[in-house]
Amino acid sequence: RPSSVGTAAGCNSQGDRPASGDADDQPEKWRAALLRAGDWVHEGSARPAGGGAEREGSTGGSSYAGGERQLEHIVSMLGFGRFQEQSLLILIAMQFADGMEATLWWTFEDVVRERWQVLHFEYRVGCCVAVLFLAAGSFFGGKLADEHGRHLVAFFSGAAYLVAAFLSCFSFNKWCLLFLRCLCSAALGFRLPSSLALAVEILPCTWRARGAILVTGVGATLGCVLVLLVWEMARLLQLDTMPHGWRIVLACCFLVDGAVFQFFRNNMAESPFFLRHKGRLRECCALLTEVAEINDCILPDDDMPVSCQIELEDPAEASALSAA
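Residues numbered from 1 in each chain as written. Predicted model: local features only at pLDDT ≥ 70, side-chain atom pairs only at ≥ 80, totals over all residues. Heavy atoms only, no water.

1. So, the confidence of the model for the protein chain
Where we set the bar: The quantity called pLDDT is the predictor's confidence in a given residue, expressed from 0 to 100. A run of H or I in DSSP counts as a helix once it spans at least four residues, and a run of E counts as a strand once it spans at least two, with each numbered from the N terminus. Only heavy atoms enter the contact rule, under which two residues are in contact if any of them lie within 4.5 Å.
For the protein chain, mean pLDDT is 75; residues scoring 70 or higher make up 70% of the total. The spread of mean pLDDT over the elements of the protein chain runs between helix α1 (residues 8–11), the lowest at 39, and helix α8 (residues 150–168), the highest at 94. Under a pLDDT of 50 for its full length, residues 1–28 has, in the predicted model, 54 contacts with residues more than four places off or in other chains. Note that residues 37–66 has pLDDT below 50 and, in this model, 45 contacts with residues that lie over four places away or in other chains.

Next up, the structure:
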C-alpha cells in the first residue's frame, strides 16, 4: 500500500478547499490516510514502511502520537469546506450568549436598582460574583470536556443555560435574579472551553487561529450588539418604563440562544480528536467519512466500508475479511 499521508499537502493545501476528485490516485490516498490514522491498519494488511507500531524500539506513546499526527493530516486533507463553514457559524452564534450576558449586567443596572432599591456597591458585588461563576465554569468545563467529550458538555451546559435564563424571566426578587443569572454565567463558562475545542479541532491547521478568534471575539461582540439593539428598541417602545419591560428583554435573549441551541443539537458533531483519544475509532472514521461527503471529497471505492476495516475485535473475522 503506498504511503500517502506524507504527501497529503500535495493533495490539498491545508487551508484550502478540498481538491477535486478528478485525480486518479485520490481514492488510494484516502484509503491509506484513513487506515493509517491512529494505526487503523486492517488485520492481515501490509503496514506502511516505517509504521510506528512495527518500528523497532517504538513505544505505545510514540504510536499514539503518530496516530494523532496522521489524523492532523486527514483533517487538513478535508480542507475548509461546507461542513467547516456550517460548524464555525454555529459556534460563533453560540458565543452570542456570552456577549449578551456581559451586556445585560450593565444595561439592567438602573432597572434593578430602581425596582428593588439595590445599592451601587451591592450591584457591583453581584457582578463580581457572576464573573467568578463564569471563571469557575470555564475551569471545570474544560476538565469535563476532556473527559466526556466537547459535544456532550456543550449540549448539557447549553441546556442548563436555557433553563436558568427562562426561569430568570420570572424572578420575583433581587436574590432570585442574582442566583439565576449566576447560574447562567456558570453554564456559559462550562460551554466556552468546549466551543473553543470544537472550533480548533474541526478546522485545518491554517484556520485554527482564525477560528478561535472568530468564535470568541466576533461571536461575543455580536452578542453585545444584539442586546444593545434589543434594549434600544425596548426604549423606543417605552418598555423600559413598564414594570415588567425588562422581562421582555430577557425573554428575547432566551429565544435567540434557544434557536442557536437547536441548530447546534441538529448539526454539530463531536471532535474527531476526542474520539481518537478515547479509542472510539469507528465513530471517528464514520465522522471523517461524513465530513468528506459533505465537503465533496472522494473516498475510496471499496467493497467493504472503511468503518469496518479498523481494528476489528475478532481476529478470525479480520483475517477472513482481508482474505476476501
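Don't stop here, the text continues.
2. Details of the pattern of salt bridges
The line we're drawing: Salt bridges, as used here, are contacts in which a Lys or Arg side-chain nitrogen is within 4 Å of a carboxyl oxygen on Asp or Glu.
Across all of its chains, the model carries 9 salt bridges by this definition. Here Glu283 and Arg280 are joined by a salt bridge, their closest N and O atoms 2.8 Å apart. It is possible to trace a salt-bridge network through shared partners that takes in Glu109, Arg113 and Arg124.

3. Some words on the layout of surface pockets
Worth spelling out the cut-off: Here a cavity is any set of points on a 1 Å grid over the protein atoms alone where a 1.4 Å probe fits but cannot get out, and a pocket is any open set with protein on both sides within 12 Å along at least 5 of 7 lines; a residue lines the site when it has an atom within 4 Å of a point. Grid points are joined across faces, edges and corners, and a volume is the space filled by probe spheres set on the points. Following the grouping adopted for this structure description, the nonpolar residues are Ala, Val, Leu, Ile, Met, Phe, Trp, Tyr, Cys and Pro, the charged ones are Asp, Glu, Lys and Arg, and the polar ones are all others, Gly among them.
Space inside the largest pocket adds up to approximately 330 Å³. Lining the largest pocket we find 16 residues, and of these Trp105, Tyr123, Gly126, Lys174 and Leu178 sit closest to its centre. Of the residues assigned to the lining of the largest pocket, the class counts are 12 nonpolar, 1 polar and 3 charged.

4. Here's the deal with a nonpolar patch on the surface
Put simply, the rule reads: Two joining distances apply to patches: 9 Å for like charges and 5 Å for nonpolar side chains (Val, Leu, Ile, Met, Phe, Trp, Tyr), and every residue must have over 30% relative accessible area and no salt bridge. Here the accessible surface of atoms and residues is derived via Shrake-Rupley with a 1.4 Å probe, and residues count as covered only by protein chains that are part of the display.
Side chains of Val163, Phe166, Leu167 and Phe170 sit close together on the surface and give an oily, nonpolar patch of about 400 Å² of accessible area. Checked against the element boundaries, Leu167 lands in helix α8.

5. Concerning the side chain of Arg208
The criterion, for reference: Remark: exposure states derive from per-residue accessible area (1.4 Å probe, protein chains only) relative to the maximum for the residue type, with buried under 20%, exposed over 50%, and partly exposed in between.
Take Arg208: it is sitting in helix α10 (residues 208–236). Relative accessible area serves as the criterion here: at 15%, Arg208 is assigned to the buried category.

6. Points about unusual backbone geometry
Here Gln117, not a glycine, exhibits a phi torsion of approximately 50°, which is positive. Here Gln117 is to be found in the loop between α6 (109–116) and α7 (120–148). Looking at Gln117, the relative accessible area reads 59%, which means it is exposed.

7. Here's the deal with the packing of aromatic side chains
Our working definition: The criterion for an aromatic pair is that two Phe, Tyr or Trp rings (for Trp, the six-membered ring) have centres within 6.5 Å, with stacked assigned to planes under 30 degrees apart, edge-to-face to planes over 60 apart and tilted to the rest.
Applying the stated criterion to the full structure yields 9 aromatic pairs. When the ring of Phe155 is compared with that of Phe156, the centres are 5.3 Å apart and the planes differ by 85°; the resulting orientation is edge-to-face. The class for Phe155 is partly exposed, based on a relative accessible area of 23%. On the basis of relative accessible area, Phe156 is assigned to the exposed category, the value being 52%. A centroid spacing of 5.4 Å and a plane angle of 50° characterise the contact between Phe166 and Phe254, whose relative ring orientation is tilted. Within this pair, whereas Phe166 is found in helix α8, its partner Phe254 is found in helix α11 (residues 245–267), the two being separated by 88 residues in sequence. Here a set of aromatic residues connected by ring pairs shows up, and it is made of Phe155, Phe156 and Phe261.

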